[in-house]
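# Breakdown of the fold
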Amino acid sequence: MHIEHGVRGGRTVVSQRNGARIVTRGRGGYVQRAYVTRGGRSYYSRTYVYGGGVHVGVYQGYYWGGRSYYGWYPGFFYAPAFYGWGFQPWGVPLVWGVSAWGWGGPWYGYYGGWWNPYPVYTAPYFWLTDYLIAANLQAAYAARAEEAGDAGSADTGVSDGGGGGSADNSAPASTAVTLTPEVKQAIAEEVKAQLAAQQAQAAGGTTAGPAPAQANGTPPAALDPAKRTFVVDTAVTAVSTDGQECGLTSGDVVTRLTDTPDGTDNTVNASVAASKKGDCVTGTTVAVKVDDLQEMYNHFQEQLTNGMAEMAKKQGTNGMPKAPDTSTKASDVPPPKPDADAAKTLQEQQAEADKTEADVRAEAAAGGGL
């Protein structure tokens, strides 16, 4: 069992038991089990449990550089024309206000000083960019609320001008924006590139998983030279060039600088492109684990699919142009059923971690100190 406490709070516990990989973060987490093997490739089911909700996804396992990685694998594809529609400009810019988005809750007022939605959307991929950012900020707010033990008074530590935790959802976002237009554009370009790649995969009838390293030595997406911008999906710990630890939370953005991992720690250097108050300082260079970058990339792909599903529902309404064919087709490895015992398994691991830490403290106290 590996137990890690983040510098901004929160605990991550990872263990392997009876062939399952169990990861808990805060009060949730996931259970990963072997699923199927096809064409020499291994696929795993991941059942996530967060906030009482459960969802399942497929991940492809593979090796590179002597280490194992897991890449998110799509359970279905949209028609190729829908992906093409997603990265092409609309004829007329779309004005899409907060009320039309359906946003609500204290998170939006709280992060108003850190991020502003686009005033208009000239193409679907800009709409998707705001969707992704909003989803990550909601996750950051929920994580801080959980850590504080009070969902109504989460101290997310956003920059000054961010609403000070106010739940006034009608207040306009502050102009003191930390997530700059340049960083948002980098995220938008990544969205556009992913849509183009998925269109090609849908048209070819194949899916996106990387081939096993034994076959072609493909590095994980976290180290792909064509992919530099990563949006943090959950709290992680990084190390600055002066050796100081700092935290990154959901919604922060990093730009990978190096492509070759450190042989010992399996980290690469990245520049902090955007961060919230209390996180790693914007502009600094930090070492980030390749595994953490890979999970950011996995989450980005999954959120993009969720955003496409929202656009498929909203197209043709509230001024959004009508999209072409939004039908879907199952991939060659459709998602399995959720693990019925996932919630229990995660709870058991949390209890074991509590006991382990209590035992360590008791032993340390008996020995004269921690």
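Residues numbered from 1 in each chain as written. Predicted model: local features only at pLDDT ≥ 70, side-chain atom pairs only at ≥ 80, totals over all residues. Heavy atoms only, no water.

A word on the sheet that holds strand β4 (residues 28–38). Taken together, the 7 strands give an open sheet; going across it, the order is β1-β2-β3-β4-β5-β6-β7, and neighbouring strands pair in antiparallel fashion. Two strands close off the open sheet at either side, each with one partner strand: β1 (2–5) and β7 (67–73). Mean inter-strand twist for the sheet, computed between neighbouring axes without regard to direction, equals 25°. Alignment of β4 against strand β5 (residues 41–50), held across 9 bridges, turns out to be antiparallel. The partner of Val36 across the bridge, within β5, is Tyr43. Against the sheet, helix α7 (residues 290–314) makes contact with β5, β6 (53–64) and β7, and its axis sits at roughly 10° relative to β7, the strand it touches most. Across the sheet, helix α8 (residues 342–366) lies against β1, β2 (11–17), β3 (20–25), β4 and β5, angled at about 110° from β2, the strand it touches most. (Pairing = 2+ DSSP bridges. Helix = DSSP H or I, 4+ residues; strand = E, 2+ residues; numbered from the N terminus. Axes fitted to C-alpha atoms, helices over the stretch in contact; angles between N-to-C directions. Contact = heavy atoms within 4.5 Å.)

Quick look at the sheet that holds strand β14 (residues 285–289) now. With antiparallel pairing, 6 strands are arranged side by side in an open sheet as β9-β12-β13-β14-β10-β11. This sheet does not close on itself; its edge strands, each paired only once, are β9 (229–231) and β11 (245–248). Adjacent strand axes in the sheet meet at a mean angle of 45°, parallel and antiparallel pairs treated alike. When β9 meets strand β12 (residues 253–256), the two strands line up antiparallel, connected through 3 bridges. Bridge pairing in β12 links Thr229 to Thr255. Against the sheet, helix α5 (residues 181–204) engages β9, β12 and β13 (267–274), with an angle of about 95° to β9. Packed on one face of the sheet, α7 meets β9, β10 (236–240), β12, β13 and β14 and runs near 80° to β14.

With that settled, the discussion passes to the packing of aromatic side chains. Under the counting rule described, the total for this entry stands at 18 aromatic pairs. Ring centres of Phe82 and Trp85 lie 5.7 Å apart, and the angle between their planes is 20°; on these two criteria the pair is classed as stacked. With Phe82 and Trp85 both in helix α1 (residues 80–86) and 3 residues apart, this pair spans about one turn of that helix. We note that Phe82, like Trp85, is buried. Positioned above the aromatic ring of Tyr118 is the side chain of Lys184, whose terminal nitrogen or guanidinium carbon lies 3.5 Å from the ring centre. (Phe/Tyr/Trp six-rings, centres within 6.5 Å; stacked < 30°, edge-to-face > 60°. Buried < 20%, exposed > 50% of the residue type's maximum accessible area, 1.4 Å probe, protein only. Lys NZ or Arg CZ within 6 Å of the ring centre and 35° of its normal.)

Our focus in this paragraph is the state of the cysteines. Scanning all chains against the criterion turns up 1 disulfide. Cys246 shares a disulfide with Cys280; S-S distance 2.0 Å. One quick way to see it: the torsion about the S-S bond of Cys246 and Cys280 is about 95°, and its sign makes the bridge right-handed. Of this pair, Cys246 sits in strand β11 while Cys280 is found in the loop between β13 and β14, placing the two residues 34 residues apart along the sequence. Under the relative-accessibility criterion, Cys246 is labelled buried at 16%. (Disulfide = S-S within 2.5 Å.)

Close inspection of predicted coordinates is inappropriate for parts of the model with low pLDDT. Per-residue confidence for the protein chain averages 84 on the pLDDT scale, and 85% of its residues sit at or above 70. Mean pLDDT values over the elements of the protein chain span from 40, in helix α6 (residues 213–216), up to 97, in β12. Every residue in residues 150–176 is under pLDDT 50, and counting partners more than four places away or in other chains gives 63 contacts. Overall, residues 207–216 carries pLDDT values under 50, and its contacts beyond four positions in sequence, including any with other chains, amount to 27 contacts. (pLDDT = per-residue confidence, 0-100.)

The next thing to look at is the environment of Asp242. Residue position: Asp242 is located in the loop between β10 and β11. Since its relative accessible area comes to 57%, Asp242 is described here as exposed. Remark: the alpha-carbon pair of Asp242 and Thr285, spanning 43 residues in sequence, is separated by 9.6 Å. Side-chain polar atoms of Asp242 contact the side chain of Ser240, separated by 2.3 Å. A polar side-chain atom of Asp242 sits 3.2 Å from the main-chain amide nitrogen of Gln244. (Polar contact = N/O pair within 3.5 Å; in protein donor to acceptor, adjacent residues only side chain to side chain.)

This paragraph deals with the side chain of Thr237. Within the secondary structure layout, Thr237 lies in strand β10. Here Thr237 falls in the buried class, since its relative accessible area comes to 14%. Those residues in contact with Thr237 that sit more than four places away from it in its chain are Glu4, Gly6, Val7, Glu245 and Cys246.

Judged from the 9 bridges that link them, β5 and β6 form a sheet pairing that is antiparallel. The residue of β6 that forms the bridge with Arg46 is Gly57. Between the antiparallel neighbours β5 and β6 lie 2 residues, among them Gly51 with a positive phi of about 55°. Relative to β7, β6 is paired through 7 bridges, and the arrangement is antiparallel. Its bridge partner lying in β7, Trp64 is registered against Arg67. Counting the residues in the hairpin turn of β6 and β7 gives 2 residues, including Gly65, whose phi is positive at 65°.

Before going further, it helps to spend a moment on α7. The α-helix winds at 3.6 residues per turn, so residues separated by three or four positions along the chain end up facing the same way. Along its 25 residues, α7 runs 36 Å from first to last C-alpha, staying within 8% of the 36 Å computed at 1.5 Å per residue. Most of α7 is tucked away: 19 of the 25 residues are buried. (Expected span 1.5 Å × (residues − 1).)

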